[in-house]
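Secondary and tertiary structure notes
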Amino acid sequence: MILQLYSLIIMSLDFCFMVCKAFVMWACIFYRTLFPAELKSISGKIVLITGAGRGIGREVALQFAQLGCTIVCWDINLEAAQETATEVEAIGGKASAFHCDVSQQKDVELKAKLVKNVVPHIDIIINNAGIMPCHPFLSHSIQEIDRCIDINVKGCIWVVREFLPGMIERKQGHLVSMSSIAGAMGCENVVPYSASKFAVRGMMEALTEEMRRDSRNLDIKCTTICPFVVDTGLCQRPRVKFPSFLRVTNVKDAASIIVRAVRRGDTLVFMPEYVYYFWLLIKILPSRVYDYVVDFFDTGLEPHDE
Ligand SMILES: NC(=O)c1ccc[n+]([C@@H]2O[C@H](COP(=O)([O-])OP(=O)(O)OC[C@H]3O[C@@H](n4cnc5c(N)ncnc54)[C@H](O)[C@@H]3O)[C@@H](O)[C@H]2O)c1
């Protein structure tokens, strides 16, 4: 009886301590949201970007280069990757370009070996390569679904699998993956894409947990980016009822949000950033109320052919 009472007291004290500590941490984070800390320098870091040949990948490459990073560009379109590398060099940066189809595990393995001949290691990975078939679920071909999962999900897994061991050895690194708002809320016309982006977010959440719990004291950060629509042409027919609230993000702004997220060590970032709070709020609603709110905002993606 006394022993039971004693363990109950210890458990209650532990619980109170946990609540107090969580509250203090929350207050610190809130303070940091209002008064952000100085951004970490990333000069000299080596950044590998998949899908660096155009869109967000290319712009992120240029912005990292401007901050003194060396860039390794991967793309299924070698010419486009080389153009990005040339643009990086034109602004005084260092870059190399490789053809890589991230959906092919053997290709990723081979290109990772080639990269190791050019740079000593990779500090930051941007898992950016992705495709977005956009039409009703039943009109997706089997090949299209396979390709979407292979590039968007397995591509991220193969890349992380190649470079994470080096990061663990050096006890530091940063993994960034592009998810989407469609990876946080189901969205019509992009069912396989939505599934792939939910998977990316799940993969990153699980990786964060694994890195955090590792007993080797690793400083390996994981960042997931969930954009709404960025003006790269990937989303060809966005439907936006309130553009002042859910606006299309300019690709330069999108890249600077990603670079800032890396420099701050953020875990989950939405684009526009405040949509994160909106998402948290509507996710606790009962499903009929959730549907009503979603219908009110009437925002989504209209189907298109490519
Ligand atoms: N643009 C948006 O509105 C938006 C919104 C949410 C999420 N995202 C995500 O951001 C990422 C980049 O989007 P984007 O708009 O810059 O796309 P994009 O189409 O402009 O560029 C994608 C790049 O990936 C490359 N790529 C495609 N398949 C590849 C493969 N198998 N291996 C290697 N490279 C490959 C393409 O050649 C291209 O250079 C994607 O993962 C996308 O899902 C984009």
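On a predicted model such as this, the values are computed, not experimentally measured, just so you know. (Residues numbered from 1 in each chain as written. Predicted model: local features only at pLDDT ≥ 70, side-chain atom pairs only at ≥ 80, totals over all residues. Heavy atoms only, no water.)

1. Notes on the site of the ligand
Inspection of the region around the ligand gives 27 residues, with Arg54, Asp75, Tyr193, Val230 and Thr232 positioned closest. In this structure, Asp101 approaches the ligand through a side-chain N or O atom, which is 2.8 Å from a nitrogen atom. Summarising the interface, the protein chains cover 94% of the accessible area of the ligand, which totals 830 Å² for the free molecule. Across the shell around the ligand, the residue classes tally to 14 nonpolar, eight polar and five charged. (Near = heavy atom within 4 Å. Polar contact = N/O pair within 3.5 Å; in protein donor to acceptor, adjacent residues only side chain to side chain. Areas by Shrake-Rupley, 256 points an atom, 1.4 Å probe, with all protein chains shown as cover. Nonpolar A, V, L, I, M, F, W, Y, C, P; charged D, E, K, R; others polar.)

2. Overview of the pairing of strand β6 (residues 219-227)
Regular strands show a simple pattern: their side chains alternate between the two faces of the sheet. In terms of residue burial, β6 counts as a mostly covered element, since seven of its nine residues are buried. Pairing of strand β5 (residues 172-178) with β6, which is carried by seven bridges, proceeds in the parallel orientation. Paired with Ser177 across the strands is Thr224, a residue of β6. Chirality of the crossover, the property in question, places the unit of β5, helix α6 (residues 191-213) and β6 among those that are right-handed. (Buried < 20%, exposed > 50% of the residue type's maximum accessible area, 1.4 Å probe, protein only. Helix = DSSP H or I, 4+ residues; strand = E, 2+ residues; numbered from the N terminus. Pairing = 2+ DSSP bridges. Right-handed = clockwise from strand over helix to strand, strands pointing away.)

3. Focus on the UniProt feature "transmembrane region" (unreviewed entry) in the protein chain
On the UniProt side, "transmembrane region" (unreviewed entry) is annotated at positions that read residues 6-31 here. The straight-line gap between the two end C-alpha atoms of residues 6-31 is 38 Å; of that span, 100% is helix and 0% is strand. (UniProt positions renumbered as here; feature names shortened; annotations may be inferred.)

4. Looking at the environment of Glu188
Structurally, Glu188 is set in the loop between β5 and α6. On the accessibility criterion, Glu188 (45% relative accessible area) is partly exposed. Taking the C-alpha atoms as reference, Glu188 lies 7.0 Å from Leu301; in sequence the two are 113 residues apart. For Glu188, the side chain forms a polar contact with the side chain of Arg239, separated by 2.9 Å.

5. Some points on the pattern of salt bridges
Tallied over the full model, the rule gives 20 salt bridges. Between Asp101 and Arg147 there is a salt bridge, and its shortest N-O distance comes to 3.4 Å. One end of the pair, Asp101, is in the loop between β3 (94-99) and α4 (105-118); the other, Arg147, is in helix α5 (residues 142-170), with 46 residues separating them in the sequence. For Arg147, a relative accessible area of 31% gives the class partly exposed. (Salt bridge = Lys/Arg side-chain N within 4 Å of Asp/Glu carboxyl O.)

6. Some words on the packing of aromatic side chains
Per the counting criterion, the structure on display carries 13 aromatic pairs. Considering the side-chain rings of Tyr31 and Phe35, the 5.1 Å spacing of their centres and the 45° angle between planes classify their relative orientation as tilted. Classification of Phe35 as partly exposed rests on a relative accessible area of 47%. Three or more aromatic residues joined by ring pairs form one cluster here, namely Phe242, Phe245, Tyr274, Phe278, Phe296 and Phe297. In this arrangement the basic side chain of Lys116 is found over the ring face of Phe163, its NZ or CZ atom lying 5.6 Å from the centre. The side chain of Lys241 reaches across the aromatic face of Phe296, ending 4.8 Å from its centre. (Phe/Tyr/Trp six-rings, centres within 6.5 Å; stacked < 30°, edge-to-face > 60°. Lys NZ or Arg CZ within 6 Å of the ring centre and 35° of its normal.)

7. A closer look at the environment of Thr249
On the secondary structure map, Thr249 appears in the loop between β7 (238-239) and α7 (251-264). Sequence separation of Thr249 and Val230 is 19 residues, and the distance between their C-alpha atoms is 4.6 Å.

8. Observations regarding the sheet that holds strand β4 (residues 124-127)
Spatially, the seven strands line up as an open sheet ordered β3-β2-β1-β4-β5-β6-β8, and their pairing is parallel. With partners counted over all chains shown, the strands left at the sheet margins are β3 and β8 (268-271), one partner each. Strand after strand, the sheet turns through a mean of 15° between neighbouring axes, direction not considered. Two strands pair when backbone bridges link them, and strand β1 (residues 46-50) and β4 are joined in this way by three bridges, in the parallel orientation. Looking at the pairing, Val47 lines up with Ile124 of β4. Across the sheet, α4 touches β1, β2 (70-75) and β3, and the angle it forms with β3 is around 155°. (Axes fitted to C-alpha atoms, helices over the stretch in contact; angles between N-to-C directions. Contact = heavy atoms within 4.5 Å.)

9. Here's the deal with the packing of helix α2 (residues 55-66) against α7
Following both chains from N to C, one finds α2 and α7 inclined at 55°, their axes separated by 9 Å at the closest point. Relative to α7, the element α2 is oriented oblique. Between α2 and α7 lies a crossing of right-handed hand. Of the residues in α7, those in contact with Gly55, Ile56, Glu59, Val60, Gln63 and Phe64 of α2 are Val251, Lys252, Ala255, Ser256, Ile258, Val259 and Val262. When its residues are assigned to classes, the contact of α2 with α7 shows eight nonpolar, three polar and two charged. (Parallel < 35°, antiparallel > 145°, perpendicular 65-115°, else oblique. Left-handed = near helix turned anticlockwise from the far one by under 90°.)

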